[in-house]
Amino acid sequence: MASTPAPASAFDYAPAPESRSVVDIAPSYGLFIDGEFTEAAGGKVFKTVSPSTEEVLSEVARAGAEDVDRAVKAARKAFEKWSALPGSERAKYLFRIARIIQERSRELAVLETLDNGKPIRETRDADLPLVAAHFFYYAGWADKLDHAGYGANPRPLGVAGQVIPWNFPLLMLAWKIAPALATGNTVVLKPAETTPLSALFFADVCRQAGLPRGVVNILTGYGDAGSALVGHPDVDKVAFTGSTAVGKAIARQIAGTDKRATLELGGKGANIVFDDAPVDQAVEGIVTGIFFNQGQVCCAGSRLLVQESVHDEVLHALKRRLTTLRLGDPLDKNTDIGAINSAEQLARITALTETGEAEGAERWTAPCELPSTGYWFAPTLFTGVTQAHTVARDEIFGPVLSVLTFRTPDEAVAKANNSQYGLSAGIWTEKGSRILAVANKLRAGVVWANTFNKFDPTSPFGGYKESGYGREGGRHGLEAYLDV
Amino acid sequence: MSDGRLSVFKTYKLYVGGKFPRSESGRVYEVSAKGSAAGAAGKGTWLANAPQASRKDARDAVVAARKAFGGWSGATAYNRGQVLYRVAEMLEGRREQFVREVAEAEGLSKSKAAAVVDAAIDRWVWYAGWTDKIGQVVGGANPVAGPFFNLSTPEPTGVVAVLAPQESSLLGLVSVVAPVIATGNTAVVVTSAGRPLPALSLGEVLATSDLPGGVVNILSGRTAELAAPLASHQDVNGIDLTGVAGDAALAKELEAAAAENLKRVRRPQTVDGAGGAGWSADPGTHRLTAFLETKTVWHPTGALGASGSSY
């Protein structure tokens, strides 16, 4: 490690790095099938790197169709006993998992930050507490399913094939595995190829919890493994979080089968600021909305709709605030903006912002120095954006905010709803009736009023339109895993 | 005609946007009685020329349904319940006509047809009562771990294409349409291809029952021809494939087309026909929730201390 440089001035923060020694990363990992780590049948492996340093963290097995088949068979075999367990026993396993996650949350937070590139502040304070909370929440449902409103004795579906993205690797794992296990299903989960490590760590959590073998299987690999999993004839339920394009491909792939599916896909959330909004709070909400996790959030508030009369004031305050964001080492506890997850994602963000400029939107980038290695993108705004601009329509999935204006609430609603997506929206106003009226009209699965990017295991999350179907979280999240 | 009077035939028409157009294509097809019905018509007797709706009619119907969506979904649930109840009233008033049409369409005895019509009327009443209750049953406040109040409420998904069952011409049709509109969606309905007449007459009932034009649009014709443009239509939000239950290949094709804009798909289930449980069974709430979205709205509450008031 490089020695800690002295602060440039008395008003700079001294670096406050989290120690990475709290977590052991093995030089290589296998697939977790039927309670054991095994090599991929084809012997293939791939490397996972730290996006902030491009350092190779580990080498993991690359699953193929044969491995998918093995994992599904293991899950099928485990299903019989697991689904027959009294709910109260399944609950205890989930409570154990939740507790172990709490106990090991520092290890997990560091590991997630290393593999994903997001700031330790976020993994430590947002991801990990929510991961544990999801297991606690669904643990409590396991022995209360008769009371969930889906009739007496609702049955699990069977084997769940789950494919999750790289933006919240462990949180998405929790969202998928906790309700699946609580309802008596067994799972085969494929984490994203750029962030496999925390899922493999989770395999060890399952081991410590004494979870019966085969109930949870983890297959690391690429899209081909995900596709083989989704298409496997013995998978009863498909759960996917990721891009809309892949979501559509999955919906086509499972057409005409008995497989159930929930899809959590892309978004282009509108964050609407009315002229009576408290500006400082709104600015904090805008920042949270689009710069949390480097904007790599499906429900990000990536379209800022500002009432024309306060546009200049809000933009001035927002730019000022963005100059104070600290970009850099994700393991530094002072870091606000970490690394972009992969070179591929960085290229996509770069290309879309170039399109924004080419189409005539005005670009402003926060002044910050980018580290020389790793994948970085400084917080960026586009002003003078119209609804026809690519940056107002396509999901960028990066720290890039498009600013549009409106004059009336009706215009705000019309612009907010003018999207193929319908995942999230934000409303900033001091007027309660306006919050309720606008929230009513917005076609989005989650609406945050005078706040943004809040999550809770009790609260259903999911989209309208091409943001996918089904809900995760809350009582609603059980439905996806029950034969109802 | 034994009494010397020549009866007046009825020209059956589509029901689109609150109006009764003939198909824009100008096509019709012959509809004949399905069994030795108690009515005047024996098996195979010509009953009427039904309009054979085209792909353009389907697209027009989607436009009408989209136009009606804002008003219908924005109406109070109480109001929607009143309108659905009014449909039952209107249907009750024309009970005899529907008994005859159902008997001819399905080859039922008069008493059996009467039972079917009564069940269809009662189903409207049942769904009328659901409009202002489903939100309480499937929505509610979530106990968030933080200084927030949030609320999950069900909302209609939008325009829903409904492929009505092929055998149960009225009760089956009502069973798939009423739940879709009870929750605030608007519908484009493709009737049974071989038994379209009770459905087309239902359009007349809907038109006189305070249901805003465009909320339900009824098309008769070849199911596959009409289903294809509806399944691939970018402004349709959901599709109920009940009417293609007998054709797995077509159902698969339609579901794949629906993936293009991630329509909510209700897959066909065996209810219709000899192998099914029939449409008279308790419908449950599944058809109500199939085309609902859940919206969760968050509000800060400010931290008021750990447990609120100390009194």
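Residues numbered from 1 in each chain as written. Chains lettered and ligands numbered in written order. Predicted model: local features only at pLDDT ≥ 70, side-chain atom pairs only at ≥ 80, totals over all residues. Heavy atoms only, no water.

Brief notes about the overall build of chain B
At step 1: Within chain B, the regular secondary structure consists of 10 helices and 10 strands.
At step 2: Against the globule reference of 19 Å for 311 residues, chain B gives a C-alpha radius of gyration of 21 Å, in line with a compact fold.
At step 3: With the C-alpha coordinates aligned to their principal axes, the bounding extent of chain B is approximately 85 × 40 × 35 Å.
At step 4: Summarising the internal contacts of chain B: among those between residues at least 6 apart in sequence, 78% fall at separations of at least 24.
At step 5: If you average the places of the 31 positive and of the 28 negative side-chain charges in chain B, the two averages end up 2 Å apart. (Helix = DSSP H or I, 4+ residues; strand = E, 2+ residues; numbered from the N terminus. Rg over C-alpha atoms; globule rule 2.2 N^0.38 Å. Contact = heavy atoms within 4.5 Å. Lys, Arg positive; Asp, Glu negative; His and termini not counted. Charge placed at Lys NZ, Arg CZ, Asp CG, Glu CD.)

As for the overall build of chain A
At step 1: When you go through chain A residue by residue, the secondary structure sums to 15 helices and 19 strands.
At step 2: Its C-alpha atoms give chain A principal-axis dimensions of about 65 × 55 × 35 Å.
At step 3: By the burial criterion, 61% of the 484 residues in chain A qualify as buried.
At step 4: When contacts within chain A are restricted to residue pairs at least 6 apart in sequence, long-range pairs at least 24 apart make up 76% of them.
At step 5: Carbon and sulfur atoms provide 51% of the accessible area of chain A, an area that totals close to 17600 Å².
At step 6: The averaged location of the 56 negative side-chain charges in chain A is 4 Å from the averaged location of its 49 positive side-chain charges. (Buried < 20%, exposed > 50% of the residue type's maximum accessible area, 1.4 Å probe, protein only. Areas by Shrake-Rupley, 256 points an atom, 1.4 Å probe, with all protein chains shown as cover.)

Comments concerning the interface of chain B and chain A
At step 1: In this assembly, 35 residues from chain B lie in contact with 45 residues from chain A.
At step 2: Here chain B is connected to chain A by 2 salt bridges.
At step 3: Summed over the shared surface of chain B and chain A, the result is 26 residue pairs in polar contact (both at pLDDT 80 or more).
At step 4: Looking at the side of chain B that touches chain A, the elements that each hand over two or more residues are helix H5 (134–138), strand S4 (148–156), helix H9 (248–258) and strand S10 (292–300) of chain B.
At step 5: For the side of chain B that touches chain A, the leading source of residues is S10(B), giving 8 residues.
At step 6: Classifying every residue of the side of chain B that touches chain A by side-chain character gives 14 nonpolar, 12 polar and 9 charged.
At step 7: Strand direction decides the pairing type here: strand S18 (residues 446–449) of chain A and S10(B), joined by 3 bridges, are parallel. Its bridge partner being in S10(B), Val447(A) is matched across the sheet by Val297(B). (Salt bridge = Lys/Arg side-chain N within 4 Å of Asp/Glu carboxyl O. Polar contact = N/O pair within 3.5 Å; in protein donor to acceptor, adjacent residues only side chain to side chain. Nonpolar A, V, L, I, M, F, W, Y, C, P; charged D, E, K, R; others polar. Pairing = 2+ DSSP bridges.)

Looking at the layout of surface pockets
At step 1: Its boundaries defined by the atoms lining it, the largest pocket holds a volume of some 1700 Å³.
At step 2: As for the largest pocket, its lining consists of 49 residues, and the residues nearest its centre are Arg260(A), Glu479(A), Val484(A), Val265(B) and Ala290(B).
At step 3: For the lining of the largest pocket, the elements supplying multiple residues, two or more each, are strand S10 (260–264) and helix H15 (476–479) of chain A together with H5, H9, strand S9 (264–266), helix H10 (286–289) and S10 of chain B.
At step 4: It is H9(B) that provides the largest number of residues to the lining of the largest pocket, a total of 5 residues.
At step 5: Tallied by class, the residues present in the lining of the largest pocket amount to 23 nonpolar, 11 polar and 15 charged. (1 Å grid on protein atoms, 1.4 Å probe; cavity = no way out; pocket = protein on both sides within 12 Å on 5 of 7 lines; lining within 4 Å. Points joined across faces, edges and corners; volume = space filled by probe spheres on them.)

Some remarks on empty space enclosed by the protein
All names here are of chain A.
At step 1: Evaluation of the coordinates by the stated rule reveals 6 cavities of 30 Å³ or more.
At step 2: Each pocket or cavity is described by its volume, and for the largest cavity that value is around 100 Å³.
At step 3: Phe168, Met172, Trp175, Cys298 and Phe461 are, among the 13 residues lining the largest cavity, the residues nearest its centre.
At step 4: When residues of the lining of the largest cavity are assigned to their parent elements, the largest contribution, 3 residues, is made by helix H5 (residues 169–182).

Things to note about the packing of helix H8 (residues 223–232) of chain B against H9(B)
Residue and element names in this part refer to chain B.
At step 1: Packing of H8 against H9 brings their axes to within 7 Å, and their N-to-C directions diverge by 25°. Classified by the interaxial angle, the pair formed by H8 and H9 is roughly parallel. Judged by the twist between their axes, the crossing of H8 over H9 is right-handed. Here H8 contributes Ala224, Ala227, Ala228, Ala231 and Ser232 to the contact with H9, which in turn contributes Leu250, Leu254, Ala257 and Ala258.
At step 2: In terms of residue class, the contact of H8 with H9 is made up of 8 nonpolar, 1 polar and no charged. (Axes fitted to C-alpha atoms, helices over the stretch in contact; angles between N-to-C directions. Parallel < 35°, antiparallel > 145°, perpendicular 65-115°, else oblique. Left-handed = near helix turned anticlockwise from the far one by under 90°.)

Some points on the packing of helix H3 (residues 105–116) of chain A against helix H6 (residues 197–209) of chain A
Residue and element names in this part refer to chain A.
At step 1: One way to put it is that H3 packs onto H6 with a least axis distance of 9 Å and a crossing angle of 155°. With respect to each other, H3 and H6 are oriented roughly antiparallel. Contact residues: H3 offers Glu107, Leu108, Leu111, Glu112 and Asp115, while H6 offers Leu197, Ser198 and Phe201.
At step 2: Partitioning the contact of H3 with H6 into residue classes produces 4 nonpolar, 1 polar and 3 charged.

Some points on the sheet that holds strand S4 (residues 45–49) of chain A
Within a sheet, each strand pairs with its neighbour through backbone hydrogen bonds, oriented either parallel or antiparallel.
Residue and element names in this part refer to chain A.
At step 1: Pairing in this open sheet of 3 strands is mixed, and the strands run S1-S5-S4 from one edge to the other. One side of each edge strand has no neighbouring strand; the edge strands of this open sheet are strand S1 (28–29) and S4.
At step 2: Here S1 runs beside strand S5 (residues 56–61); their pairing, made up of 2 bridges, is parallel. Paired with Tyr29 across the two strands is Val60, which belongs to S5.
At step 3: Along the sheet, H6 contacts S1, S4 and S5; its crossing angle with S5, the most-contacted strand, is approximately 65°.

Focus: the pairing of strand S6 (residues 186–190) of chain B
All names here are of chain B.
At step 1: Most of S6 sits out of view: 5 of its 5 residues are buried.
At step 2: Side chains of S6 alternate between two faces, with Thr186, Val188 and Val190 and Ala187 and Val189 buried alike.
At step 3: One ladder, built from 5 bridges, connects strand S5 (residues 159–163) with S6; its direction is parallel. Among the inter-strand pairings, Val159 is bridged to a residue of S6, identified as Thr186.
At step 4: When S6 meets strand S7 (residues 216–219), the two strands line up parallel, connected through 4 bridges. Bridge pairing in S7 places Val190 opposite Leu219.

Let's talk about H9(B)
Residue and element names in this part refer to chain B.
At step 1: Buried within H9 we find Leu250, Ala251, Leu254, Glu255 and Ala258. The arc enclosing the buried residues of H9, seen along the axis, measures out at 135°, which places them on a common side. Seen from the open side of H9, the exposed residues pointing more than 90 degrees away from its buried face are Ala249 and Glu253.
At step 2: Looking at the packing, one finds that the buried side of H9 touches S5, H8, strand S8 (238–240) and S9. (Arc of directions from axis to C-beta.)

Here we look at the sheet that holds S8(B)
Residue and element names in this part refer to chain B.
At step 1: Reading across the sheet, the 5 strands line up as S7-S6-S5-S8-S9 and stay open at both edges, with parallel pairing between neighbours. Each edge of the sheet is formed by a strand with only one pairing partner; in this case those strands are S7 and S9. Across the sheet, the mean angle from the axis of one strand to that of its neighbour is 15°, orientation sign disregarded.

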